[in-house]
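Results of the structural survey
These are the residues of each chain, in order.
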Protein chains: 4
Amino acid sequence: MEKMNVQPATGKLGVLCVGLGAVATTFMTGVLMVRKGLAKPVGSMTQYDKIRVGRGAEKKYLHYHEIVPMAELKDIVFGAWDVYPANAYESAINCEVLKEKDINPVKDELEKIVPMKAAFDRDYAKRLEGDNVKDCATRWDMVEALRKDIRDFKEANGCSRIVVLWAASTEIYVPVCEEVHGTLAALEQAMKEDDRRHVAPSMCYAYAALAEGAPFIMGAPNTTVDIPAMWEMAEKTRMPIAGKDFKTGQTLVKSGFAPIIGTRCLGLSGWFSTNILGNRDGLVLDEPANFHTKEVSKLSTLESILVPENQPDLYTDYYHKVRINYYPPRNDNKEGWDNIDIFGWMGYPMQIKINFLCRDSILAAPLCLDLVLLSDLAARAGRYGIQRFLSFFLKSPMHDYTQDEVPVNHLFQQYVMLKNAIREMGGYEADEEID
Amino acid sequence: MEKMNVQPATGKLGVLCVGLGAVATTFMTGVLMVRKGLAKPVGSMTQYDKIRVGRGAEKKYLHYHEIVPMAELKDIVFGAWDVYPANAYESAINCEVLKEKDINPVKDELEKIVPMKAAFDRDYAKRLEGDNVKDCATRWDMVEALRKDIRDFKEANGCSRIVVLWAASTEIYVPVCEEVHGTLAALEQAMKEDDRRHVAPSMCYAYAALAEGAPFIMGAPNTTVDIPAMWEMAEKTRMPIAGKDFKTGQTLVKSGFAPIIGTRCLGLSGWFSTNILGNRDGLVLDEPANFHTKEVSKLSTLESILVPENQPDLYTDYYHKVRINYYPPRNDNKEGWDNIDIFGWMGYPMQIKINFLCRDSILAAPLCLDLVLLSDLAARAGRYGIQRFLSFFLKSPMHDYTQDEVPVNHLFQQYVMLKNAIREMGGYEADEEID
Amino acid sequence: MEKMNVQPATGKLGVLCVGLGAVATTFMTGVLMVRKGLAKPVGSMTQYDKIRVGRGAEKKYLHYHEIVPMAELKDIVFGAWDVYPANAYESAINCEVLKEKDINPVKDELEKIVPMKAAFDRDYAKRLEGDNVKDCATRWDMVEALRKDIRDFKEANGCSRIVVLWAASTEIYVPVCEEVHGTLAALEQAMKEDDRRHVAPSMCYAYAALAEGAPFIMGAPNTTVDIPAMWEMAEKTRMPIAGKDFKTGQTLVKSGFAPIIGTRCLGLSGWFSTNILGNRDGLVLDEPANFHTKEVSKLSTLESILVPENQPDLYTDYYHKVRINYYPPRNDNKEGWDNIDIFGWMGYPMQIKINFLCRDSILAAPLCLDLVLLSDLAARAGRYGIQRFLSFFLKSPMHDYTQDEVPVNHLFQQYVMLKNAIREMGGYEADEEID
Amino acid sequence: MEKMNVQPATGKLGVLCVGLGAVATTFMTGVLMVRKGLAKPVGSMTQYDKIRVGRGAEKKYLHYHEIVPMAELKDIVFGAWDVYPANAYESAINCEVLKEKDINPVKDELEKIVPMKAAFDRDYAKRLEGDNVKDCATRWDMVEALRKDIRDFKEANGCSRIVVLWAASTEIYVPVCEEVHGTLAALEQAMKEDDRRHVAPSMCYAYAALAEGAPFIMGAPNTTVDIPAMWEMAEKTRMPIAGKDFKTGQTLVKSGFAPIIGTRCLGLSGWFSTNILGNRDGLVLDEPANFHTKEVSKLSTLESILVPENQPDLYTDYYHKVRINYYPPRNDNKEGWDNIDIFGWMGYPMQIKINFLCRDSILAAPLCLDLVLLSDLAARAGRYGIQRFLSFFLKSPMHDYTQDEVPVNHLFQQYVMLKNAIREMGGYEADEEID
């Protein structure tokens, strides 16, 4: 098979985070610490995973960077926008995710990451109160201001490439409106007319990124790039888009555990998932309008793994419920509790309970790194539009629903998709099928 | 690809269970109930699973029996040996695994399954006290008596084929002794000399089965067929052997959950597994000598999935401990509690706790059915010796350790092996590799 | 101390249940089975508990019936109202709480318990759809119809005494309205004027019971008898009232576990309680208006046990959250999951998680029996109005909040109150204080 | 009631810890930090609890020090013996129980606490390897050397009183031998004859303490002071003794939770307790001989709270099992998992699972403080011998088994005993009875 034409990863890679809270600062601190040899980037596929390429006698196991040209950690430059003015050092300390001894060695570098003013609309996140906010007359003004930010950052830091990553809170639910979101022209029109109901601030970030030739990654469950208008924009700018919602705690477990049940042909009668978390994300999600965005994202996982049509005896009418609760005593330490009611031989019931004491930002940080590096790779490989191969990292993977394309939520199928994409970009044969 | 020459599954299939306790009677009752349309064989791959065959436009999803000739449930005839004289109906009622309403409709058929006298040695299971036991001078006499049982059963029931399945308790640990277990000749010699220390009763069952042209399946962790002498016997008789230890509760979860951690490149610092169960198996395992057999079987699972050599940052020096506790209040309802200590980004620790309220026999019964039907298939396909493709169903899958062959414990890799074997026997192309 | 003048428990005791669902039929079936010597009334204080009376050399441990005259199980006659017409046998079978073998021996007696038409208003329980309902023009008509039911039942069954027990669902939340609920006259006025917003159907049952000289017990969290008007009615009729909300699963644990924390002077930073249940009660509570009634009842428990004012270092600002989720796969088997964040020496955090796999009706049934028998005792002892000594059995114990009386939620303090009342009615000295 | 003659707490109180590991250093660090106002002594009854004294109009709630003369924290001087030579600062850092920021403010004081050489015998704790050990020819020499240590410490630090507290590991099980342990004379004889099998090193510490007029507290499950010989010694020296085994995690929960079950007359069919811990104590307890000492201590708890004789329907034949597992990934963070099988109305089963993520030393430290201060109080009040009122703090409370005295394990009965003793020493009336 012929090697694909992937551009080399030369020059600096600017990484602009929307939101400079727990996730972004944990990501940044970790990268800076790893660069100094003071920490390990555990959980990152691009830094650890090895995949098989070749077959039979040719078979070998290689790291991603041995197969395709990846940007190196040393070439990353960080920037951010946030509604609060605290710099990355102050914010990392405030978030209390990392111990001070794991932050202080890169204090100087973090202090230099001062957030630009955010493009913000309080109607989209009622519980946030920062005032480091742009003053924009219309959504289109927001776009213009953000584009200028990106250009200025790129120039000031001598970056050859930029990636924009949404690492901020969940906005309120914006249902897809065909009229406004159906075409790029309509969306641009709505931005100009300042249609605040249909154009979320996050859409302005995405549009600005793409317009400036930067891939855009949606780490929250917002529908931002999950609309035909953005797909058109991505195609027009030949840029990758990826989303949505980092697959961190409970959904990671669900997308990995449901396949166990399905593979063994055990039945399912119910799955109840509850979550407690106390960080800013938890606070925002305590608002029903914001939670709805998340709920839609979380519920779909199971339904596409255990499919009633394929096994009606086993998966018809199971009851699936997801709850998220704001619980301040835990801060960033999220805790998930899943109760799974299965049945076996002759229909006899059994129960599985999974209690996950996880750390939101610790799980999200390596996803940030991988999504950034792999989006940059995709851009250099000329892969634009929806990046299905990144489904592995996402709770609610993008898919072209207008073409009845179904999302892939099965963790191990997602992993095959990821490996195949790397193989293909590296000029190796992909495994043709994933099941 | 050419269709393999698999003999058709014509005539009756005799299924002889060693042990007529909870597992065997749940298996039998279920099959009889399913045959009458009164229950569903949930958890059985041969009855439910569909696998892809063909590629691209040729791709289709078929049940196993649509790919290869499988024995049908209606053709099964059950027999058993046990140290207790209770028939299958009485035993099913005593075990209290199934509700009476799920047993009574097949009471007549179950009552006819009266156990033959067992080949037994109390030194191998101190806590069992039945006296429905053969009187044999030597191990070789045991073999002769069991072979006669098999021939008599086959003739009396007009069976064309027999499979022998060990569904009895765990024997005490018999370490592999090269001198005695290394060759078939040495083993036969030891049987004749009545070397009780090296020849477990289970070995007499296995030898007798193979000698009579029947596949043998080891459902407990006994090393019975896990020795070169038996491999030689299987080769000589051209019969399949499979083992060892039904993969039911906690190990099923472990072999499915560990891949989640490994796939996401998360680190592992410890895994503690404890179990409470109150059935006869639990009683036997409370004896340290018997537990040791089980422990060896259970510990290996993890080590072959999360491999320190491949990812030293992530899997070096994790602490793995397995405990089984006899706890009568639960009877056959086993409960597993796993505590998993993982670490993520920058080494930060997280915990996952899995509490599995399972039912031992309910999980084992479909494995019995699948192992029986697939061993019979393998025999008809001329596949003899160790059946690696059955690893999916087993806690401690057999492998030729004298050739440094490593066992496959990863649930999803085992599944690929299973599917590939079915595809190959059906004349379809296998997926060449499993990772 | 002089023996109190308690009337003997001669004649039949009519027990009229509002609601003939899972709780009522489990209660009735159990009493009938116990009467035949076929079951044990486990969980019932009146049937099992022994309390100390006397001191020093005089000290002895006696059952309640050895101290005071208690009605005997053989003298109980059951009746009921329900919106569904199924008799007690049909309902017990439908509810699937008890196994058929535990119901069938008393089938004849249960079949004779046919529910009278209920006094019902769908605005108070939107998810219930039965039509075995009285046709009443006004709330006052409801009262009149119910009073007639009680009189008819009493006469038909030759009862000397009646107790009315609410064992039905939670109504929507009715906040106490001083104008309507403040005096008996105002309440009667509102009933006559058919003020449906302020007069819940449950108030008609309570009023009718008291008017007919029967104690009334509120087993749901409804505020029915928790208003000054009803206290006045109880005083006027010299009848006991008790409530509210049977203390079954999670609150039982909370009221027993919080004292462990408090007694050892450990700190509390948060307590998160979630519940899944699938019975009719769960369905009703999935409606936010009904849940609110429950939430108010459940939250108060903790606050009165761990009091910030007494130990500001330990109990200031803890976060307490209660969630109930309808989850049909479980039916009557409720499951509670509590996460308790405590802190110890130097403020270091620890966590306790309690997972309670309980059965709602199995826990409620003995409470029904005890509340009925002890209310009847109280009536015979001339104790009328709020029965604080019954707090032990109730999630949200009644107390005269107009006098700033505080409820007692501490399980062991409630137990002392219960014992003291029995002692006093039996003419023994009470322990003067409870802490 | 007349005020008892309790000597005032004037002068310095020397606290000598046997063992300068996690428990002792957490205790010391905390006391020093609290003294500086930098931490709170959460979990300490002597510092937080208030108890009622007086009745009726006289009733008031007072701290212990308002009722009886208590030593103040500022008057405490610490010393220790240990087999490792690390000082208290080094040891506190190594143990990793407390964060460095909670240790450093008292670094100077901690560094001055340098352990004296331990009286040690490796046969009693095979897994410990330190060599800061006394060289003694006989057990009697050990006693003499320890007595000298105590005298020297007292003089060097100008202490008016000393308390000796065992905060070291569990020794191997020493069954009570009537011949050797039955009288003081016999014990002294055995010490002089160097009977190492019957005289544990801990007995030398206890004997030395009492001989020097210091109360002795046994914090591990060793039988040290649980023998008639020591009772005689305590009587002879008129000194208090207390033990055994700090009631920290799982047993604390058990002694508090079992009363909930018993009080509500629910039945019990089984209680399974397992524990994982990774500190030095866990390592020692992984040795079967040492675990046996612990097991005996832990099992008795339940049996004396839920008594079969009193409620045969409810508590006959329940199955109780306790397991402790060394699990290094957790270090000092112990985790307990209890599974409790209860039954209710008509015998229907339910389950409660308690998962306690606790910290061994954080829970033990306030017990150390309370036991030290209250033993000192007892000595000043002239209460000598077994101190039953300290049962509240201990897993396996001492009691005179030669007189058929039963231990009190019920947390709330223990609490009443504690309060009564304080009341009595303060000249207030005790509540006469505890149940």
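For the structure, see preceding data.
Summary of the structure given here. Quantities reported herein were computed from a predicted structural model and do not represent experimental measurements. (Residues numbered from 1 in each chain as written. Chains lettered and ligands numbered in written order. Predicted model: local features only at pLDDT ≥ 70, side-chain atom pairs only at ≥ 80, totals over all residues.)

1. Some details on the nonpolar core
Our working rule: Each nonpolar core comprises buried Ala, Val, Leu, Ile, Met, Phe, Trp, Tyr and Cys residues, the members being joined through C-beta atoms within 7 Å. In this scheme every C-beta is placed from the backbone, and a residue whose C-beta has 20 or more other C-beta atoms within 10 Å is buried, one with 12 or fewer is exposed, and one in between is partly exposed. A residue pair is marked as a contact if its C-beta atoms, positioned from the backbone, fall within 7 Å.
Ranked by internal contacts, the top residues of the largest apolar core, which has 637 residues, are Leu-165 of chain A, Leu-165 of chain B, Leu-165 of chain C together with Leu-165 of chain D. What Leu-165 of chain A contacts, discounting residues up to four positions off in sequence, is Val-15, Cys-17, Val-18, Ile-217, Gly-219, Cys-368, Leu-371 and Val-372 of chain A.

2. What to know about helix α4 (residues 88-95) of chain B
Residue and element names in this part refer to chain B. Quick reminder of the rule: Helix and strand definitions here come from DSSP, where helices need a minimum of 4 consecutive H or I residues and strands a minimum of 2 consecutive E residues; each element is numbered from the N-terminal end. Throughout, the arc means the angular range of directions from the helix axis out to the C-beta atoms.
Inspection of α4 places Ala-88, Tyr-89, Ser-91, Ala-92 and Cys-95 among the buried residues, and these make up the whole buried set. Down the axis of α4, the buried set is contained in an arc of 165 degrees. They therefore lie on one face. Each element contacted by the buried residues of α4 is listed here: α1 (22-35) and α5 (107-111). At the exit of α4 stands Glu-96, carrying a positive phi of roughly 60 degrees.

3. Points about the interface of chain A and chain C
Interface size, as often reported, equals the accessible area lost upon joining of the parts. For the record, the criterion: Residue polarity follows a fixed list, in which Ala, Val, Leu, Ile, Met, Phe, Trp, Tyr, Cys and Pro are nonpolar, Asp, Glu, Lys and Arg are charged, and the others, Gly among them, are polar.
Contact with chain A, which involves 18 residues of that partner, is made by 18 residues of chain C. Breaking the side of chain A that touches chain C down by element, the ones donating at least two residues are β9 (267-277), β10 (319-326), β11 (333-343) and β12 (349-359) of chain A. For the side of chain A that touches chain C, the element with the highest residue contribution is β9 of chain A, accounting for five residues. Residue composition of the side of chain A that touches chain C, by class: seven nonpolar, six polar and five charged.

4. With respect to the relation of the copies chain A and chain C
Rule in force here: Alignment of copies: least-squares fit on C-alpha atoms of residues with pLDDT of at least 70 in both copies.
Take chain A, turn it by 180 degrees, move it 0.0 Å along the axis, and it overlays chain C with an RMSD of 0.0 Å. As the rotation angle and translation indicate, the two copies are arranged about a two-fold axis. Interface residue correspondence from chain A to chain C reaches 100%, placing this contact among same-surface, isologous pairings.

5. Focus on the interface of chain B and chain A
Quick reminder of the rule: By the convention used here, strands pair only if DSSP detects at least 2 bridges between them.
At the interface, 55 residues of chain B touch 55 residues of chain A. Broken down by secondary-structure element, the contributors of at least two residues to the side of chain B that touches chain A are α1, α2 (45-48), α11 (250-263), α14 (312-315), β12 (349-359), α15 (360-380) and α16 (411-425) of chain B. The element that contributes the greatest number of residues to the side of chain B that touches chain A is β12 of chain B, accounting for ten residues. Across the side of chain B that touches chain A, the residue classes break down as 30 nonpolar, twelve polar and 13 charged. Where β12 of chain A lies against β12 of chain B, seven bridges are found, and the strand directions are antiparallel.

6. Things to note about the relation of the copies chain B and chain A
The operation linking the two copies of the chain is a rotation about an axis combined with a translation along the axis. Structural alignment of chain B on chain A gives an RMSD of 0.0 Å, achieved by rotating through 180 degrees and translating 0.0 Å along the axis. Interface residue correspondence from chain B to chain A reaches 100%, placing this contact among same-surface, isologous pairings.

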